[in-house]
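# Structural features, examined
Listed below, chain by chain, are the residues.
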Amino acid sequence: MNILKFGGTSVGSSEGIRTLISILMKRDQDNYPVVVLSAMSGVTNLLQAMAEKALLAEEYDAELKQIEEKHFEVVRSLLPAAAQNPVFTKLKIYFNELEDILQSVYNLRELSPQTKDLILSFGERCSTFMISHIAKQDFPNAVPVEGAALIKTDSNFGQAKVDTEVTELLIQEYYEANEGKLLFVTGFIASNAEGRFTTLGRGGSDFTAAIWGSALNAEEIEIWTDVDGMLTADPRIVEKAFSLAELSYTEAMELSYFGAKVIYPPTMIPAFLKRIPIVIKNTFNLDFEGTFIRHGVHTSELPIKGISSIDEISILNLSGSGMVGKAGFSGRLFSLLSREQINVVLITQSSSEHSITFAVKPADALKALAIISKEFELELQAKKLEYPQVETGLSILAIVGENMKHTPGMSGKLFYALGRNGVNVRAIAQGSSEYNISVILSKTDLSKAVNAVHDAFFADLKKTLHIFCLGTGNIGKTLFRQLLNQSPFLAKNNDLEVKLMGVSNSRQMYLSDKGLNLADWEDELNTFEEKADLGAFIHKMKAMNLPNCVFVDNTASGNPVNYYQEILESSISVVTCNKIGNSAEYSQYAAFKKAARTFGVDFHYETNVGAGLPIIRTLKDLMMSGDNIASIEAILSGTISYIFNNFKEDKLFHEVVKTAQELGYTEPDPRDDLNGKDFMRKMLILARDAGYPLEAADVEIESMLPPACLAAESVEEFYQELENNAAYFEKLKSDAAASGKVLRYIGKLEAGKVAITLQMVDEFHPFFMLSGSDNIISFTTDRYKDRPLVIKGPGAGAEVTAAGVFADIINVGKR
């Protein structure tokens, strides 16, 4: 024999009740289950609201009418006209009685806990009577059971304690007397010795089911709700939360205690004592097999079973020398709280015994503060204790699982995930059983923290990177296309999902909590037409407070650089192809690096130097592995590389420059490339990454152009001056050719100094065979002394630059 409990959403509509009946139709007709019912969804809240309105002498007729219509609509929908009248009559009697009680509260301006329990009882009484009569169409022997008469409690109204011995005897006698009948039992409500209604507190209908299951030694207790059992986390917070096949009683109680609302902790105690399995099923997904809570669960490969949380919590901190070595101090404190019916959710104490921190519900915080101040008045006056402090706006996050006891590194993984995402932990608690690690943190960080921890512990799921991108030019568009095309590969081979959460250009911006579709991002950006505001974009990004965030700067503007520090200090990684930030004052470069280290995030800028070429990463790997950098030589300008690779034979210098401009290799004014300043920025960044605190002024730049060319007032005049100085360039070319060499504009870092000079190199130099617009860099180190380590390839272009940004984003994901 099984107990089936149906929650408020399961009985909250005609559709849900039809499903309930269909579930019962599939059961053994010779051995009926006992069916425990909640009030229809929303009804208990309406009853509570009416009681409070009556107490304040406010009108409650609208709520009463709403409850009546909710029930009457179901009756009209599920019963034939001939069978409706007796049900309407009984329901109307209930509603008239309820109205009389509310009128009394209204007149007396008094709402005792006893009266409140009586008012709340109408939810279950109405739904149970109504549904049992609907079921009579298919089950003629269906009987509504006023469960309050069978579950006996004390007179602690609102949270009554069950007299188990008397209750089990009454249930057993009633069940035997009604053998062969389908019993529909009111959940949530009970009665005291005088027969007055009491309630069993939050989750009371689940508790009712467990009480009946224990009394009748049921084979199984089924809890039918509107979700797919117990999940690894709250699906409203974590989209990737998934259903669990089974839990031990301990795991389920720990998860439920810390906020998992699918089942109420006391529900499991009667079942636990008699080892009756509990299965949580979904009324609206009958194919789901359910989450089983039972003794002797199978060994799981999951490191934890779930992440639970309590949204609102307050903590009190009591400290002082009067606590140190004082036997019985903790007992005195917590006995005081117990006497005053204040439930302590979590306790942590310093090993020095100098302080105790404990968490309570926010509604109990001020009461706890007052009684502690009174109880320890003498110690406070003698300054043996500091006045207790209350902190609000906090939440609890807990990871739960029996495997934690056998798996090293659980705490490290938890705190790394939190720290990496900038979540500050205010207090920590872990029992010796190691089934649970609980942390207290700011409520504003709860969603981010739960998602980050979920990603950290459930390795089989895709990790999600949330990216916010500036710039929708060639590089930005190409990056989005590459991300879209590569998404299936990343999901399959790297368990990684890159989600675009916001995008902005100089004209407009758009951020979405759900993320932008990489296939349609441009349409979404144009549709919402929010005017671009960089400060507002950064503010909204921070306010979304997502885990694993990356800010991507695909611009060449100095404005985003002003926000890098703030972004890094908000525990958001930065990926940038913008050279301005790292090539400005050294103090700014150092500040960015320090912020990334301090706040445990990444600051990646591989594309600052060689677009998609792995130059910075190679330099870092050489240094991290202990190699000593003797010198670095490089050609890091695709424009200059193209010009000198093609300035040969009978071609004139100004013609080659003109062709380079026509091919798009140069800026609109070619002098912006040929003056060496962009090259200088790249060499400066390399020098700083190599450990030298250089400024731009420390870089020696030899101009390849005569002064008259640089001084020209327009691009047209510039080309004229190049032609006027053709003899100068022809001499450079002929001198190089005569000695079997080629012209190269080379940057060199050696002994902490950087120089960029025009050189002639022979066939033995690694730069001799350079072609096209390729970049090249040569590392001479202790390990690569005789044959330098050379990296060569395209150093410009949207495809390779976007690929470099893409790689930096993925490297953030690896951490």
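Structure report, in brief. Every chain begins its residue count from 1, and numbering advances along the sequence as written. It should be noted that, the model being predicted, local features are given only for residues of pLDDT at least 70 and side-chain atom pairs only at 80 or more, the latter also being counted only at that level, while totals for whole chains, interfaces and linings use all residues. Hydrogen atoms and water are omitted, and side-chain values are computed over all heavy atoms in the structure.

Each axis is a line fitted through C-alpha atoms, taken for helices only over the stretch in contact, and angles between the N-to-C directions span 0 to 180 degrees. Helix and strand definitions here come from DSSP, where helices need a minimum of 4 consecutive H or I residues and strands a minimum of 2 consecutive E residues; each element is numbered from the N-terminal end. It is at 10 Å that the axes of helix α4 (residues 81-108) and helix α5 (residues 113-135) come closest, and there the two elements cross at 175 degrees. Classed by the angle they form, the pair α4 and α5 counts as roughly antiparallel. Seen from α4, the contacting residues are P86, V87, K90, L91, Y94, F95, E97, L98, I101, L102 and V105; seen from α5, they are T115, L118, I119, F122, R125, C126, F129, M130 and H133. In the scheme used here, Gly and all other residues not listed as nonpolar or charged are polar, with Ala, Val, Leu, Ile, Met, Phe, Trp, Tyr, Cys and Pro taken as nonpolar and Asp, Glu, Lys and Arg as charged. Here the residues of the contact of α4 with α5 sort into 15 nonpolar, 2 polar and 3 charged. Here the angle decides the label: under 35 degrees means roughly parallel, over 145 means roughly antiparallel, 65 to 115 means roughly perpendicular, and every other value means oblique. Contacts are assigned to residue pairs that have any heavy atoms within 4.5 Å of one another.

As a further point, take the pattern of salt bridges. Here, a salt bridge means any side-chain nitrogen of Lys or Arg that lies within 4 Å of a carboxyl oxygen of Asp or Glu. Summed over the entire model, instances satisfying the criterion amount to 32 salt bridges. As a salt-bridge pair, K733 and E730 come within 3.3 Å of each other at their nearest N and O atoms. In this pair, K733 and E730 are both assigned in helix α29 (residues 726-738), 3 residues apart and thus about one turn of the helix distant. What makes K733 buried here is its relative accessible area of 9%. Linked by salt bridges that have partners in common, K579, D678, R681 and K682 make up one network. Relative accessibility thresholds used throughout: buried, under 20% of the residue-type maximum; exposed, over 50%; partly exposed, between the two (1.4 Å probe, protein chains only).

This part takes up unusual backbone geometry. One non-glycine residue, N217, lies in positive phi territory at about 50 degrees. Look at N217 and you get exposed, because its relative accessible area is 52%. Not every positive phi belongs to a glycine, and R275 is a case in point at roughly 55 degrees. Relative to the helices and strands, R275 resides in the loop between α9 (265-274) and β9 (278-282). Residue R275 is classed as exposed on the basis of its relative accessible area of 53%.

Here we take up the side chain of T208. As for its placement among the helices and strands, T208 is situated in helix α7 (residues 204-215). Taking relative accessible area as the criterion, T208 reaches 0% and is therefore assigned buried. Throughout this description, a polar contact denotes any pair of N or O atoms lying within 3.5 Å of each other; where both atoms belong to protein, one of them has to be capable of donating a hydrogen while the other can accept it, and for residues adjacent in sequence the pair is counted only when both atoms sit in side chains. Within the local environment of T208, its side chain forms a polar contact with the backbone nitrogen of F188, the two atoms lying 2.9 Å apart. What T208 contacts, discounting residues up to four positions off in sequence, is V36, I151, V185, T186, G187, F188 and L200.

So, about the environment of Y665. Tracing the backbone shows Y665 in the loop between α24 (653-662) and α25 (671-674). With 26 residues separating them in the primary sequence, Y665 and T639 have C-alpha atoms 5.3 Å apart. Excluding residues within four positions of it along the chain, Y665 makes contact with T639, Y642, A660, D673 and S773.

Those residues of helix α8 (residues 249-257) lying buried are Y249, E251, A252, L255 and S256. Buried residues of α8, viewed axially, fall in a sector of 165 degrees; they line one side. In this fold, the buried residues of α8 make contact with β8 (246-247), α9, β10 (291-293), β11 (306-319) and β14 (389-400). Along the arc lie the directions from the helix axis toward the C-beta atoms.

Following the sequence through the fold, A190 ends up in strand β5 (residues 189-191). The class for A190 is buried, based on a relative accessible area of 0%. The spacing of A190 and L150 is 40 residues in sequence and 7.2 Å in space, taken between C-alpha atoms.

Here, any two strands with at least 2 DSSP bridges between them count as paired. A sheet is described by the order of its strands in space; here 7 strands give the open sequence β20-β19-β18-β17-β21-β22-β23, paired in mixed fashion. The sheet is open, and its two borders are formed by β20 (530-531) and β23 (603-604), each paired with just one other strand. Relative to strand β19 (residues 508-511), strand β18 (residues 496-504) runs antiparallel, the two being bridged by 3 bridges. Residue pairing for β19: V503 is matched across the bridge by Y510. Each of β17 (463-470), β18, β21 (549-553), β22 (573-576) and β23 is contacted by helix α30 (residues 798-814), which is oriented at about 165 degrees to β22, the strand it contacts most.

Turning to the environment of L346, a few remarks are in order. Structurally, the position occupied by L346 is in strand β12 (residues 344-349). On a C-alpha basis, the gap between L346 and I151 in space is 31 Å, while along the polypeptide they are 195 residues apart. Once residues within four sequence positions are removed from consideration, L346 is found in contact with T357, F358, A359, I396, A429, S438 and I440.

Next up on the list: the side chain of D774. With respect to the helices and strands, the residue D774 is situated in strand β28 (residues 774-781). We score Asp and Glu as negative and Lys and Arg as positive, and we do not count His or the chain ends. One buried charged residue, D774, forms no salt bridge at all, with the nearest opposite charge on K792 at 4.9 Å. Those residues in contact with D774 that lie beyond four places of it in its chain are S641, K792, G793 and P794.

Glancing now at the packing of helix α2 (residues 43-55) against helix α3 (residues 61-78). One way to put it is that α2 packs onto α3 with a least axis distance of 9 Å and a crossing angle of 155 degrees. Taken together, the axes of α2 and α3 lie roughly antiparallel to each other. For α2 against α3, the interelement crossing comes out left-handed. Here V43, L46, L47, M50 and K53 of α2 lie close against α3, whose contacting residues are E63, L64, Q66, I67, K70 and H71. When the near helix sits turned anticlockwise from the far one by under a right angle, the crossing is termed left-handed; a clockwise turn instead gives a right-handed crossing.

Moving on, we get to the sheet that holds strand β29 (residues 789-794). The strand order across the open sheet built from 6 strands is β25-β27-β26-β24-β28-β29, with neighbouring strands paired in mixed fashion. Taken across any chain shown, the strands that pair with only one partner, and hence form the sheet edges, are β25 (699-701) and β29. Pairwise comparison of adjacent strand axes, ignoring direction, gives a mean angle of 20 degrees for this sheet. Strand contacts of helix α26 (residues 677-689): β24 (629-635), β25, β26 (742-750), β27 (753-761) and β28, with the helix running at about 35 degrees to β26, the strand carrying the most contacts.

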